[in-house]
Amino acid sequence: MNYQNILSVSKNGITTITIDRPSKLNALNKDTIDELHQAFSIANQDKNIKVIIITGSGDKAFVAGADISEFADFDVEEGSNLAAQGQELLFDFIENLETPVIAAINGFALGGGLELAMSCHFRVASTNAKMGLPEVSLGVIPGYGGTQRLPQLVGKGRAMEMIMTAGMIDANQALAYGLVNHIQAQEELLTVCEKIAIKISRNSSVAISAAIKAINANFKDGINGFGVEIEEFGNCFGTEDFKEGTTAFLNKRRANFPGQ
Ligand code: COA
C-alpha cells in the first residue's frame with residue numbers, strides 16, 4: 001500500500017505505523033486520518049499481525065494535534081462533522097480494534113495527538129514527551145474524544161485542569177497521572193514497545209480481543225460490562241486457542257496458539 005502521510009511496516013507479527021509529516025510536527029490532516037484508517041484496517045484484518053505500534057516521525061513530535069490550517073474557517077456544521085467523522089474513522093475505530101494498539105509517544109502529543117494516543121490500548125512515552133489538550137487556547141474544545149478519555153485515564157479533576165489551562169505535562173507527570181505506562185529514552189522507545197508487543201503476541205490473540213471488548217465495555221453507557229465479560233469468557237471455551245492453552249498447561253509445555 002502506498003501512503004503519502006504515513007509509513008506502515010510489518011515484521012515478526014508487529015505492524016509499526018509512523019505518522020510521517022515531520023515538517024508539520026505530524027499534525028493530523030484529513031488525508032492522514034484516512035490513511036491511518038486504512039493502515040489500521042489492513043493490519044487488523046491480517047491474522048499474522050498480533051500487535052500494532054503507532055508513533056510519529058522525527059524526534060520532536062508524536063502528533064502536534066489536528067491540522068489547524070484545515071479547519072480554521074469551518075462553520076458549526078463543518079466543525080461537528082469534523083469531530084464525528086474523525087471519531088468514527090480513527091479514534092473509536094482504534095479503541096475498538098481487535099488487535100492491541102500501543103502508542104509510542106516520542107515527543108509532543110497535543111490535541112488530536114494526545115486524543116490519538118488515548119484511543120490506543122496503552123501508551124509508552126519517551127523522556128522528552130509533552131502532552132496536553134490545548135484546544136481551549138484556540139477557542140474550541142477537544143473533539144476527538146479528549147473530554148471523555150482523559151477523565152477516564154487520569155480522573156476528572158486532573159482532566160478539568162489540563163483542559164482548562166490548555167497546559168502541557170511532561171513524561172514524569174504523565175506517568176504519575178497514569179496517562180502513560182512507562183517512560184523510556186527516546187532512542188529506546190520503539191525497542192521497548194516491541195519487547196512489550198512480543199510478550200503480548202505469545203498469548204492467545206483471540207482471548208486478547210475478547211479482553212479488549214470486555215474492558216472497553218466498562219466505559220460504554222448502557223452496557224453491562226460484567227455481562228459482556230461473562231459472554232466473552234464463555235465464548236473463549238469454544239476456541240482452538242483455549243484448547244491449546246489448557247492442553248499445553250496440563251502437558252507442561254509452552255502453548256502455541258493458532259489464533260482461532
Ligand atoms: N496544525 C497545523 N500545523 C501545525 C500544528 C498543528 N496542530 N502544529 C505544528 N504545526 C506546524 C507549524 O505551523 C509549523 O509549520 P511551518 O513551519 O510551515 O510554519 C511546523 O509545524 C513547526 O511548528 P512550530 O510551531 O514552528 O514548532 P515549535 O517547536 O515552535 O512549537 C508546538 C511546537 C507543538 C508548541 C507548536 O507547534 C504548537 O503549539 N502547535 C499547535 C498545538 C495545538 O494547539 N494543537 C491542538 C490542535 S487542535
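Let me begin by describing the structure that accompanies this report. (Residues numbered from 1 in each chain as written. Predicted model: local features only at pLDDT ≥ 70, side-chain atom pairs only at ≥ 80, totals over all residues. Heavy atoms only, no water.)

## Re the sheet that holds strand β1 (residues 6–11)
Thinking step 1. Spatially, the 6 strands line up as an open sheet ordered β1-β2-β3-β5-β7-β10, and their pairing is mixed. Taken across any chain shown, the strands that pair with only one partner, and hence form the sheet edges, are β1 and β10 (182–184). Strand-to-strand twist of the sheet, defined as the mean angle between neighbouring strand axes without regard to direction, takes the value 20°.
Thinking step 2. Here 4 bridges tie strand β5 (residues 101–105) to strand β7 (residues 122–126), and the two strands are oriented parallel to one another. Residue Ile 102 lies in a different strand from β7, and its bridge partner there is Phe 122.
Thinking step 3. Its contacts with the sheet put helix α1 (residues 30–45) on β1, β2 (14–19), β3 (51–56) and β5, and the angle it makes with β2 is roughly 175°. (Pairing = 2+ DSSP bridges. Helix = DSSP H or I, 4+ residues; strand = E, 2+ residues; numbered from the N terminus. Axes fitted to C-alpha atoms, helices over the stretch in contact; angles between N-to-C directions. Contact = heavy atoms within 4.5 Å.)

## Notes on the packing of aromatic side chains
Thinking step 1. Scanning the entire structure with this criterion turns up 3 aromatic pairs.
Thinking step 2. Centre to centre, the rings of Phe 91 and Tyr 144 are 4.4 Å apart; their planes meet at 15°, and the pair counts as stacked. With Phe 91 in helix α3 (residues 76–95) and Tyr 144 in the loop between β8 (130–132) and α5 (146–154), the pair connects residues that are 53 residues apart, well separated along the chain.
Thinking step 3. Taking the relative accessible area as the measure of exposure, Phe 91 reaches 0% and is therefore buried.
Thinking step 4. Tyr 144 gets classed as buried once you look at its relative accessible area, which sits at 6%.
Thinking step 5. Summarising the aromatic geometry, the rings of Phe 237 and Phe 242 are spaced 4.4 Å apart at their centres and angled 40° between planes, so their arrangement reads as tilted. (Phe/Tyr/Trp six-rings, centres within 6.5 Å; stacked < 30°, edge-to-face > 60°. Buried < 20%, exposed > 50% of the residue type's maximum accessible area, 1.4 Å probe, protein only.)

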